[in-house]
Amino acid sequence: MLAISPALRRLALIALAPAVALGAASLAAEAAAGEEVAAPTTPCALGSTVVTDVMAADNWAPLTPSKWQFPGSEVILAEQGTPPPGPRRPFEYAVLTEGPEFGSVRIDAEVRLDTPLPISNRDVIIVFGYQSPTRFYYAHLSTDNTIYPHNGIFVVNDADRLRIDDQWNGSVGAEPAITDAEYHEVSVRHCSTTGQIEVYVDGAADPLMTATDSTIQAGRVGFGSFDNIGRMRALAVTGSPGCRGQQATHVGTGTDDVIHGTAGPDVIAALDGDGDDVLVGDRGDDALYGEAGTDRLAGGPGQD
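Here, residues in each chain are numbered from 1, in the same order as that chain's written sequence. Side-chain atom pairs in this predicted model are given and counted only at pLDDT of 80 or more, local residue features only at pLDDT of at least 70, and totals for whole chains, interfaces and linings cover all residues. Note: side-chain values were computed over all heavy atoms of the structure, leaving out hydrogens and water.

Trainee: Explain the overall build of the protein chain here, please?
Mentor: Helix numbering and strand numbering both begin at the N terminus, where a helix is a DSSP run of H or I of at least 4 residues and a strand a DSSP run of E of at least 2. For the protein chain, the helix and strand inventory stands at one helix and 23 strands. Exposure categories follow from relative accessible area, calculated using a 1.4 Å probe and restricted to protein chains: below 20% of the type maximum is buried, above 50% is exposed, and the middle band is partly exposed. Taken across its 304 residues, the protein chain has 50% of its residues classed as buried.

Now the structure itself:
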């Protein structure tokens, strides 16, 4: 195995805790309130692939590049978007193209709402599980929590955005996520294997929003707004790489790899970098994804 290439300075493999119990905080709160709760779910293995230091413009794919600014330390949506054709969904966002797709993922960042304070529907969104312009999840962080589109967790699945968070009761949702013009810490966590989603604000012990949904297993992350303006900095994405919308079962290192699958279905993903990889699926229905470099992919028997 060769030494890590300088091109991988943004993509680091680090030793992390092997799992995080998504949903544990909300279960504890329900138990304290005397409510009957289900047994805790199996902890979610988030993985240890980290993507950070990605504020440069060449790491992003905005819907409308002219509306964005990339000064170096921030990603800024400087002009509100316009309604796209097709399903009702956020107007403007930029997708992170650096690094792999992610299955289970934790997205940590600082965000700010730049729309003036007198406006009540101010928002920014964190995108995850992005597969196409009409298929992704997003967490909507807003000053308002009194109407269906505001301050919740949503899925866009080739149809109008659908609200899926537990906090919405038909007339009000979770407490407003951001009510000022300051930067706030946000952490969005998605467990691909269980469908659990949690949104934390400003380091709180308990999630502000929760949901469980298995529509999308893997995709890219992004940032934007439904119909306002805002900015983000200090982004770090940690998780398990995905491949063509599926969480990977075998993951490369970003250098020269030889990865051999099993006799069953495999999802094999090499990581971005200068590595030249050999990916072998063996028997079964396999998905093989080489990323950058000169790769040799062999599927074997089955639909690959």
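After presenting the structure, the write-up continues.
Trainee: In this structure, what is going on with unusual backbone geometry? I would like to understand it.
Mentor: What is expected of a backbone is that most residues other than glycine have negative phi and most peptide bonds are trans. Located in the positive-phi region is asparagine 151, a residue other than glycine, with phi close to 60°. Within the secondary structure, asparagine 151 sits in the loop between strand 9 (135–142) and strand 10 (153–157). Residue class for asparagine 151 comes out buried when judged on its relative accessible area of 0%. Positive phi, normally seen in glycine, also occurs at alanine 234, with a value near 55°. With respect to the helices, strands and loops of the structure, alanine 234 is situated in strand 16 (residues 230–243).

Trainee: Would you explain the packing of aromatic side chains in this entry?
Mentor: Working definition: rings of Phe, Tyr and Trp (its six-membered ring) pair if their centres are within 6.5 Å, and the pair is stacked with planes under 30 degrees apart, edge-to-face with planes over 60 apart, and tilted otherwise. Overall, the coordinates contain eleven aromatic pairs when judged by the stated rule. Both rings, one in tyrosine 93 and one in tyrosine 130, keep their centres 5.6 Å apart while their planes meet at 65°; by these two values the pair is edge-to-face. Residue tyrosine 93 is found in strand 6 (residues 92–96), and its partner tyrosine 130 is found in strand 8 (residues 123–132); the two are separated by 37 residues along the sequence. The same class applies to tyrosine 93 as to tyrosine 130, namely buried.

Trainee: Which parts of the structure should I look at to understand the confidence of the model for the protein chain?
Mentor: The predicted coordinates should not be examined in detail at positions where pLDDT is low. The pLDDT averaged across the protein chain works out to 80; a share of 65% of its residues lies at or above 70. The quantity known as pLDDT measures the predictor's confidence residue by residue, on a range of 0 to 100. Any two residues whose heavy atoms approach within 4.5 Å are treated as being in contact. Low confidence marks residues 24–42, where pLDDT is under 50. Its contacts with residues over four positions away, or in another chain, come to 15 contacts. In the model, residues 277–284 has pLDDT below 50 throughout and makes 52 contacts with residues more than four positions away in sequence or in other chains.

Trainee: I keep staring at the sheet that holds strand 9 and nothing clicks. Help me out?
Mentor: The pairing of strands in a sheet happens through backbone hydrogen bonds and is either parallel or antiparallel. Pairing between strands is defined by DSSP: at least two bridges between the two strands are required. Taken together, the seven strands give an open sheet; going across it, the order is 3-6-15-8-9-10-11, and neighbouring strands pair in antiparallel fashion. A single partner strand is all that each edge strand has here, and the edge strands are strand 3 (60–62) and strand 11 (162–163). As paired elements, strand 9 and strand 10 share five bridges and run antiparallel to each other. Following the sheet pairing, tyrosine 137 is matched in strand 10 by valine 155.

Trainee: It is not clear to me how the pattern of salt bridges should be interpreted in this structure. Could you clarify?
Mentor: Any two side chains of opposite charge can pair, given that their charged atoms come close. By definition here, a salt bridge exists when the distance from a side-chain nitrogen of Lys or Arg to a carboxyl oxygen of Asp or Glu is within 4 Å. For the coordinates displayed, the defined rule picks out seven salt bridges. Linking aspartate 114 and arginine 112 is a salt bridge whose minimum nitrogen-to-oxygen distance equals 2.8 Å. What makes arginine 112 partly exposed here is its relative accessible area of 24%. Residues aspartate 114 and arginine 231 are paired through a salt bridge, measuring 2.8 Å at the closest nitrogen-oxygen approach. Of the two residues, aspartate 114 is situated in the loop between strand 7 (101–113) and strand 8 and arginine 231 in strand 16; the sequence distance between them amounts to 117 residues. Considered together, aspartate 114 and arginine 231 belong to a single accessibility category, that of buried residues. A single salt-bridge network, built from bridges that share partners, covers Glu74, Arg112, Asp114 and Arg231.

Trainee: What is the right way to read the nonpolar core from this model?
Mentor: The nonpolar side chains of soluble globular proteins are, as a tendency, buried together. Trp60, Ile107, Val111, Leu141, Leu235 and Val237 are the most contacted members of the largest nonpolar core, which has 40 residues in total. The element that contributes the greatest number of residues to this core is strand 7, accounting for six residues. If near-sequence neighbours (up to four positions away) are discounted, valine 237 is found in contact with Thr49, Val50, Val51, Leu96, Phe102, Val105, Arg106, Ile107 and Val221. By nonpolar core is meant a set of buried Ala, Val, Leu, Ile, Met, Phe, Trp, Tyr and Cys residues that side-chain atoms within 4.5 Å join together. Val95, Phe136, Phe154 and Phe226 belong to the second largest nonpolar core, which has eleven residues in total.

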